[in-house]
Amino acid sequence: MPALSTTRRANSAHRPVTLPANDPAVLLAKARNAAFAEAARGNLGQGLGLLYDALQDEPMSHELLSDMAALLLAAGRLAHAAAYAQRALKLCTQHGPSLYTLGFALSGQGQEDHAIGVLSELTDGAARASLQAEAPELLPVAMIELKRLLKARDAR
């Protein structure tokens, strides 16, 4: 009989966990997904609005702050993108996507030396692992931009 109860426990341990629809993690994921879906449809303002509304409920979410920074970067609002990325990094200092966004926002604003410092943080360690886990396709883009900035600096 012990083998049967062990089997039952093993089977029940592998059942997927479902979260209630009003769980904060589920609501956060829905807001983030909806914002990026709107941006993909060309409704960048609507996507930003969804993230802004979500931030009213979760102002300490580095994920929401980072998403806001990414959409602002895509919209060419570089100073605002940098500000949101910096807020996210205050909450999670080695958040790769936030460092990526901050680096590109700074580069676009002509702050090459600061951008080099930020993008250099993505070359190894926890920041690189974070970017690799969340958006692996962005790591080579960041490394190309870092090399470009270093080459430009060396040419000065």
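What you see is a predicted model; the values in this text were computed from it and never measured. Residue indices follow the written sequence of each chain, beginning from 1 at its first position. Residues qualify for local features only when their pLDDT is at least 70, as the model is predicted, and side-chain atom pairs are given and counted only at 80 or more; totals for whole chains, interfaces and linings, by contrast, use all residues. Excluding hydrogens and water, the side-chain values take into account all heavy atoms of the structure.

A. Up close: the overall build of the protein chain. Strands are runs of DSSP state E lasting at least 2 residues, helices are runs of H or I lasting at least 4, and numbering of each runs from the N terminus. Looking only at helices and strands, the protein chain has nine helices and zero strands in total. Reading the secondary structure of the protein chain in the N-to-C direction produces α-α-α-α-α-α-α-α-α. In this scheme, a residue with accessible area under 20% of its type's maximum is buried, one over 50% is exposed, and one in between is partly exposed, where area comes from a 1.4 Å probe on protein chains only. Put simply, the protein chain has 156 residues, and 35% of those count as buried. In this description, contact between two residues means that some pair of their heavy atoms is separated by no more than 4.5 Å. Considering only intrachain contacts with a sequence separation of at least 6, the fraction spanning at least 24 residues in the protein chain is 49%. Here the protein chain displays about 9100 Å² of accessible surface, and carbon together with sulfur accounts for 58% of that area. Reported accessibility uses the Shrake-Rupley method at a 1.4 Å probe radius. Residues are deemed covered only where the shown protein chains occlude them.

B. Structural context of the packing of helix 2 (residues 24-40) against helix 3 (residues 44-57). For the pair helix 2 and helix 3, interaxial distance at closest approach is 6 Å and the crossing angle is 165 degrees. One element, helix 2, and the other, helix 3, form an angle in the roughly antiparallel class. Seen along the crossing, helix 2 lies across helix 3 with a hand that is left-handed. Seen from helix 2, the contacting residues are A31, R32, A34, A35, E38 and A39; seen from helix 3, they are L44, Q46, G47, L50, L51 and A54. Three classes are used: nonpolar for Ala, Val, Leu, Ile, Met, Phe, Trp, Tyr, Cys and Pro, charged for Asp, Glu, Lys and Arg, and polar for all others, with Gly counted as polar. Tallied by class, the residues present in the contact of helix 2 with helix 3 amount to eight nonpolar, two polar and two charged. Here an angle of 0 to 180 degrees is reported between the N-to-C directions of two axes, which are lines fitted to C-alpha atoms, with helices fitted over the stretch in contact. Comment on the angle field: the value is read as roughly parallel under 35 degrees, roughly antiparallel over 145, roughly perpendicular from 65 to 115, and oblique elsewhere. Each helix crossing is assigned a hand: it is left-handed if the near helix lies turned anticlockwise from the far helix by less than a right angle, otherwise right-handed if that turn is clockwise.

C. Seen up close, the pattern of salt bridges. Just to be clear on terms, a salt bridge is a Lys or Arg side-chain nitrogen sitting within 4 Å of an Asp or Glu carboxyl oxygen. The final tally for this structure, using the stated rule, is four salt bridges. Between R32 and D67 there is a salt bridge; the shortest N-O distance is 2.4 Å. With a gap of 35 residues between them, R32 in helix 2 and D67 in helix 4 (residues 62-74) connect regions that are remote in the sequence. Given the relative accessible area of 23%, R32 is considered partly exposed. Among the salt bridges present, the one from D113 reaches R156, with a minimum N-O distance of 3.6 Å. Placement of the pair is D113 in helix 7 (residues 112-120) and R156 in the segment after helix 9 (138-155), with a sequence separation of 43 residues. Classification of D113 by relative accessible area gives partly exposed; the value is 47%.

D. Representation of the packing of aromatic side chains within the structure. Each Phe, Tyr or Trp ring (for Trp, its six-membered ring) is paired with any other whose centre lies within 6.5 Å, and the angle between the two planes then decides the class: stacked below 30 degrees, edge-to-face above 60, tilted in between. Throughout the structure, instances matching the rule amount to one aromatic pair. Ring centres of Y100 and F104 lie 4.6 Å apart, and the angle between their planes is 40 degrees; on these two criteria the pair is classed as tilted. Of this pair, Y100 and F104 both sit in helix 6 (residues 96-108), four residues apart, which is roughly one turn of that helix. The buried category is assigned to F104, whose relative accessible area is 18%.

E. Spotlight on helix 2. Here, expected helix span is obtained from the residue count minus one, scaled by 1.5 Å. In a regular helix each residue adds 1.5 Å, so 17 residues correspond to 24 Å; helix 2 covers 24 Å between its end C-alpha atoms and thus fits that length. If you check which residues of helix 2 are buried, you get V26, L28, A31, A35 and E38. Of the surrounding secondary structure, the elements contacted by the buried residues of helix 2 are helix 3 and helix 4.

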